Amino acid sequence: MIVVRSLVKRFGLKAVLRGLDFSVEPGEFVALLGPNGAGKTTFLRILASLTRPSLGEVKIAGYQLPQQAAEVRRLLGVVSHLPLLYNDLTAEENLRFYARMYSLPDETQRIGEVLELVGLAERRRDLVRTFSRGMQQRLAIGRAVLHDPEVMLFDEPHTGLDQDACEMLDTVLREVAARQRTVVMTSHDLARVGDLASRFDVLSRGQIVASIQRSQIDPDQILAFYRRAVEK
Amino acid sequence: MKTSPPPINLLRRTFQATVAIIWKDLAAEMRSREMLSAMLVFSLLVILIFNFALELDIKARQTVTSGILWATFAFAGTLGLNRSMAIEKDRGCMDGLLLAPVDRSAIYFGKAIGNLVFMLVVEAIVLPVYSVLYNINLFHPGLLAVILLGSLGYVVVGTLLSAMAVQTRTRDVLLPILLFPVVLPVLISAVKASQGFLLAAEWTEIAPWFNLLLVYDVIFTAAAFMIFDYVVEE
């Protein structure tokens, strides 16, 4: 589903990604781990077609980036630590706006389904500015899954959430994963992604330095695996 | 490389997205009224200050009116343009727009038309107030056409440059510095054409300025349409 070869991204003279190779099969849930400044967000922004690569090849569902970005965007749902929502619109209005941007055929029905999925049906007519951070993040996930994308990109979605909000978010993430969507999620919270992901990749110094399937590692060993990979 | 599907209904999708952005901006502004109230209060204060500052007879009033009006619109416009793009940037909403599978011209035109509507609303309120304060009839079809064309020229460039300025830390300061030199032809021709209509000048005197406005609007709309994609992309 996702194939990345020899990806390089430079900002001026500084290379953030240095010949990165990465691939994801359809239906896989990959947790992308790495220290601050490793290039996780930059990498995700390249996959999301928001940033152009300096060198290398990026293909999603057979479409090449950045040349076929318009086709790729239709397949993507993106959640970042910013909610990408308008404070002065209600939850329903925010989703309606994005439904129109994606030209969804039956927007009212789909908005209802998504609000149910993220547990905000009761608050559909409330302004987003009245929502807690956790509710905003759940609505952000609703926005990202609205057009039923094949590939979901999550950039540290747990940032700034309290324990209850994290658990609620995980429930939604599990439901997304259960629908056999391809997911790439960056995170610092190893304990949390240990329950969610089917594969763990470590990004450090601009490259994928280690990768392991969940079936090959005990959840308690993920932290040790991560430390070994980063210190290599 | 997988083949792209044919661009079926591309124009319809672009139009639909443009309308969605206009609707979103108007709906959000109807709730918050942050942008309109700031632009309106600023504009009314400016014309009020000029009214007290300048002791004008009827002849002098007709001469300075176009200058006061366009200075007011230009400065109030920067407030609106800054705010309009800041809303998109501050909560990452610009990424939300850029992630949508629509031509980026839809984003540009949606934002530009929304900004034009806000500017015209402010002008529609300022003009009658100015008429009363300065005892001048401003409801001349020619003058209204100049205001429409001048506002359009101001907004097409302003929307593009505000998309640029918003990505910097000094966006509030940077926008006027970038914008005013580029819109100088609009402001000069709008002031001259407005003055011509207010002083009941011959069309032959007004026409060069009016035509300059038209040409500027066409050229800069086309230029902004072509380069917006590069401005918003990292």
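Let us now look at the overall build of chain B. A tally of regular secondary structure across chain B gives eight helices and zero strands. Seen in sequence order, chain B has helices and strands lined up from the N terminus as α-α-α-α-α-α-α-α. Scaling as 2.2 N^0.38, a compact globule of 234 residues should have a C-alpha radius of gyration of about 17 Å, and chain B matches this with 19 Å. With the C-alpha coordinates aligned to their principal axes, the bounding extent of chain B is approximately 70 × 40 × 30 Å. Scored against the burial criterion, the 234 residues of chain B give a buried share of 50%. Carbon and sulfur atoms provide 71% of the accessible area of chain B, an area that totals close to 10800 Å². Looking at chain B, you have 16 positive and 17 negative side-chain charges, and the mean spots of the two groups are 7 Å apart.

Residue and element names in this part refer to chain A. The buried count for strand E9 (residues 199-204) comes to six of six residues, which makes it a mostly enclosed element. Alternating residues of E9 divide into Arg199, Asp201 and Leu203 and Phe200, Val202 and Ser204, and every residue in both groups is buried. As consecutive antiparallel partners, E9 and strand E10 (residues 207-213) are separated by two residues, and within that stretch Arg205 has a phi angle of approximately 50°, a positive value.

A word on the sheet that holds strand E7 (residues 151-155) of chain A. Residues and elements named next belong to chain A. Spatially, six strands are ordered E6-E7-E8-E3-E9-E10 in an open sheet, and the strand pairing comes out mixed. The open sheet is flanked by strand E6 (76-79) and E10, the only strands paired with a single partner. The average undirected angle you get between the axes of adjacent strands in this sheet is 15°. Here five bridges tie E7 to strand E8 (residues 182-187), and the two strands are oriented parallel to one another. Directly across from Met152, in E8, lies its bridge partner Val183.

Residues and elements named next belong to chain A. Interhelical geometry of helix H4 (residues 107-117) versus helix H5 (residues 133-145) gives an angle of 140° and a closest axis separation of 9 Å. Classified by the interaxial angle, the pair formed by H4 and H5 is oblique. H4 and H5 meet at a crossing whose hand is right-handed. Two secondary-structure elements touch here, H4 through Arg110, Val114, Leu115 and Leu117 and H5 through Leu139, Gly142 and Val145. Looking at the contact of H4 with H5, its residues break down into five nonpolar, one polar and one charged.

When we look at a pair of aromatic rings, we describe it by the centre distance and by the angle of the planes. Scanning the model with the defined rule gives 12 aromatic pairs over all chains in all. Ring centres of Trp70(B) and Phe73(B) lie 5.5 Å apart, and the angle between their planes is 90°; this geometry places the pair in the edge-to-face category. Of this pair, Trp70(B) and Phe73(B) are both found in helix H3 (residues 58-90), three residues apart, which corresponds to roughly one turn of the helix. Members of the aromatic cluster, each reached through a chain of ring pairs, are Tyr108(B), Phe109(B), Phe225(B) and Phe228(B). Sitting over the ring of Tyr98(A), Arg143(A) keeps its end group 5.7 Å from the ring centre. The ring of Phe97(A) carries Lys24(B) above its face, with NZ or CZ at 5.5 Å from the centroid.

All names here are of chain A. As summarised here, the arrangement of the four strands in space is E2-E1-E4-E5, forming an open sheet in which the pairing is antiparallel. With one partner strand each, in any of the chains shown, strand E2 (14-24) and strand E5 (63-65) form the two edges of the open sheet. Ignoring which end each strand starts from, the neighbouring axes of this sheet average 25° apart. With respect to the sheet, helix H1 (residues 40-47) is in contact with strand E1 (2-11), E2, strand E4 (55-60) and E5, its orientation differing from that of E1 by roughly 120°.

A separate point is the side chain of Ser80(A). Along the polypeptide, Ser80(A) turns up in the loop between E6 and helix H3 (91-101). Engagement of the side chain of Ser80(A) in a polar contact is seen with the backbone oxygen of Leu82(A), the distance being 3.0 Å.

Residue and element names in this part refer to chain A. Taken together, the buried positions of helix H8 (residues 222-231) are Ile222, Phe225, Tyr226 and Ala229. Axial view of H8: buried residues confined to an arc of 100°, hence all on one face. Exposed and facing more than 90 degrees away from the buried side of H8 are Arg228 and Glu231. On the buried face of H8, the contacting elements are strand E3 (29-33), helix H7 (190-196), E9 and E10.

The rules behind these values
- Residues numbered from 1 in each chain as written.
- Chains lettered and ligands numbered in written order.
- Predicted model: local features only at pLDDT ≥ 70, side-chain atom pairs only at ≥ 80, totals over all residues.
- Heavy atoms only, no water.
- Helix = DSSP H or I, 4+ residues; strand = E, 2+ residues; numbered from the N terminus.
- Rg over C-alpha atoms; globule rule 2.2 N^0.38 Å.
- Buried < 20%, exposed > 50% of the residue type's maximum accessible area, 1.4 Å probe, protein only.
- Areas by Shrake-Rupley, 256 points an atom, 1.4 Å probe, with all protein chains shown as cover.
- Lys, Arg positive; Asp, Glu negative; His and termini not counted.
- Charge placed at Lys NZ, Arg CZ, Asp CG, Glu CD.
- Pairing = 2+ DSSP bridges.
- Axes fitted to C-alpha atoms, helices over the stretch in contact; angles between N-to-C directions.
- Parallel < 35°, antiparallel > 145°, perpendicular 65-115°, else oblique.
- Left-handed = near helix turned anticlockwise from the far one by under 90°.
- Contact = heavy atoms within 4.5 Å.
- Nonpolar A, V, L, I, M, F, W, Y, C, P; charged D, E, K, R; others polar.
- Phe/Tyr/Trp six-rings, centres within 6.5 Å; stacked < 30°, edge-to-face > 60°.
- Lys NZ or Arg CZ within 6 Å of the ring centre and 35° of its normal.
- Polar contact = N/O pair within 3.5 Å; in protein donor to acceptor, adjacent residues only side chain to side chain.
- Arc of directions from axis to C-beta.

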